[in-house]
Amino acid sequence: MLFDFQTHTFLSDGVLSPIELLRRCHVSGYTAMAITDHASPANVQSLVESLARDCREAEAAWGMVTLAGVEITHVPPAAIDRVARMASEAGAEFIAVHGETIAEPVAAGTNRAALESDYVHALVHPGLLSPELGHVARENGKYIELSARRGHSLTNGHVANVCREAGAKLLVNSDAHEPGDLLTEALARRVARGAGLDADETETVLVDNPLELLARLGRTITEGAGA
Ligand SMILES: [Zn+2]
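Caption draft 1: Spatial organisation of the coordination of the zinc ion. Binding of the zinc ion to the protein goes through Glu71 (OE), His98 (ND1) and His125 (NE2), at separations of 1.9 to 2.2 Å. Each donor residue of the zinc ion lies on one chain, and together they are spaced E-x26-H-x26-H. Here Glu71, found in strand β3 (residues 65-72), pairs with His125, found in the loop between β5 (122-124) and α5 (131-140); they are 54 residues apart in sequence, far enough to count as distant. Like Glu71, the residue His125 is buried in the burial classification.

Printed below as a string of structure tokens:
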């Protein structure tokens, strides 16, 4: 089984159309995925509505669970909860926040705002996540990302340690912007092991956590999903 909860299309800064991304993910053996284009007040409503149309087409045709989502990106921390609510009201099925990666000047306070919003499901590439916020993630049931993307992935080992100590749950995502960025099961496993997870922890992160997240979102894996 292969899961990916962060991907991008040309509706933000990816290169593929939504339906081509979905097609390529299906052919690559994905079981379930989210499209999470960069969102702010400017585009959140139209983005979610557009993504949902192609997600429904792909799901009907190919049986892969597809979530129309957003990655709330570079929105000021004080506005994150409000924009996440806008996304939810627009029909977003998965809401991530672009965390405090060391690769970009993300505003301090973004990680906390994401973890404290009732509308947010996941904090992606959180950079130097503090131990205190690791506990907030666990208490609030938020998922934290180990990133396959260069730059963002520099702090994966730190993030894995903080989340292990706190009992917070991890996901491995591609953060794909082009076809060559998509995950394979082998790559996802190497990202998890490279962050310092042992074999059992890796299976939890690659299989158990995604299945639990999907169940919380009211989605189940259909027979024959994947390639
Ligand atoms: Zn991001």
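Caption draft 2: Fine view of helix α2 (residues 44-62). The end-to-end C-alpha distance of α2 is 26 Å, a good match for the 27 Å that 19 residues give at a rise of 1.5 Å each. Of all the residues in α2, the buried ones are Val44, Leu47, Val48, Leu51, Cys55 and Ala58. The buried residues of α2 occupy one face: seen down the axis, they fall within an arc of 95°. Residues of α2 that are exposed and point over 90 degrees away from its buried face: Gln45, Arg53, Glu57, Ala60 and Ala61. Here the buried face of α2 lies against α1 (18-27), β2 (32-39), β3 and α3 (77-90). Where α2 terminates, the next one or two residues include Gly63, which has phi positive at roughly 75°.

Caption draft 3: Geometry of unusual backbone geometry. Positive phi outside glycine occurs at His74, with the angle close to 55°. Tracing the backbone through its elements, the reader meets His74 in the loop between β3 and α3. Taking the relative accessible area as the measure of exposure, His74 reaches 44% and is therefore partly exposed. A positive phi is found at Asp175, a non-glycine position, where the angle reads about 55°. If you trace the backbone, Asp175 turns up in the loop between β7 (169-173) and α7 (185-194).

Caption draft 4: The arrangement of the sheet that holds β2 in detail. Here we have seven strands laid out as an open sheet, ordered β1-β2-β3-β4-β5-β6-β7, and parallel in their pairing. Two strands in the sheet have a free side with no partner beyond their single neighbour: β1 (3-4) and β7. The pairing of β5 with strand β6 (residues 143-147) spans two bridges and is classified as parallel. Bridge assignment links Ala122 to a residue of β6, and that residue is Tyr143. Together, β1, β2, β3, β4 (94-98), β6 and β7 form the strand contacts of helix α8 (residues 199-216), whose direction differs from that of β7 by roughly 100°.

Caption draft 5: Looking closely at the side chain of Glu71. Of the buried charged residues, Glu71 lacks a salt bridge, with Arg149 as the closest side chain of opposite charge at 8.5 Å. Side-chain polar atoms of Glu71 contact the side chain of His98, separated by 2.8 Å. Within the local environment of Glu71, its side chain forms a polar contact with the side chain of His125, the two groups lying 3.2 Å apart. If we ignore the near neighbours within four places in the chain, the residues touching Glu71 are Gln6, His8, Thr36, Asp37, His38, Ala39, Ala96, Val97, His98, Val124 and His125.

Caption draft 6: Representation of the pairing of β3 in the model. Burial of β3 is extensive: eight of the eight residues sit out of reach of the surface. Of the two faces of β3, the one carrying Val65, Leu67, Gly69 and Glu71 and the one carrying Thr66, Ala68, Val70 and Ile72 are both buried. In this sheet, β3 lies alongside β2 in parallel orientation, the contact comprising eight bridges. For Met33, the partnering residue across the bridge sits in β3 and is Thr66. When β3 meets β4, the two strands line up parallel, connected through four bridges. When the bridges of β4 are listed, Val70 appears paired with Ile95. Following the backbone out of β3, through α3 and into the adjacent parallel β4, one traces a crossover that is right-handed.

Rules and cut-offs
- Residues numbered from 1 in each chain as written.
- Predicted model: local features only at pLDDT ≥ 70, side-chain atom pairs only at ≥ 80, totals over all residues.
- Heavy atoms only, no water.
- Donors = N, O, S within 2.8 Å, 3.2 Å for Na, K, Ca; no water.
- Helix = DSSP H or I, 4+ residues; strand = E, 2+ residues; numbered from the N terminus.
- Buried < 20%, exposed > 50% of the residue type's maximum accessible area, 1.4 Å probe, protein only.
- Expected span 1.5 Å × (residues − 1).
- Arc of directions from axis to C-beta.
- Contact = heavy atoms within 4.5 Å.
- Pairing = 2+ DSSP bridges.
- Axes fitted to C-alpha atoms, helices over the stretch in contact; angles between N-to-C directions.
- Lys, Arg positive; Asp, Glu negative; His and termini not counted.
- Salt bridge = Lys/Arg side-chain N within 4 Å of Asp/Glu carboxyl O.
- Polar contact = N/O pair within 3.5 Å; in protein donor to acceptor, adjacent residues only side chain to side chain.
- Right-handed = clockwise from strand over helix to strand, strands pointing away.

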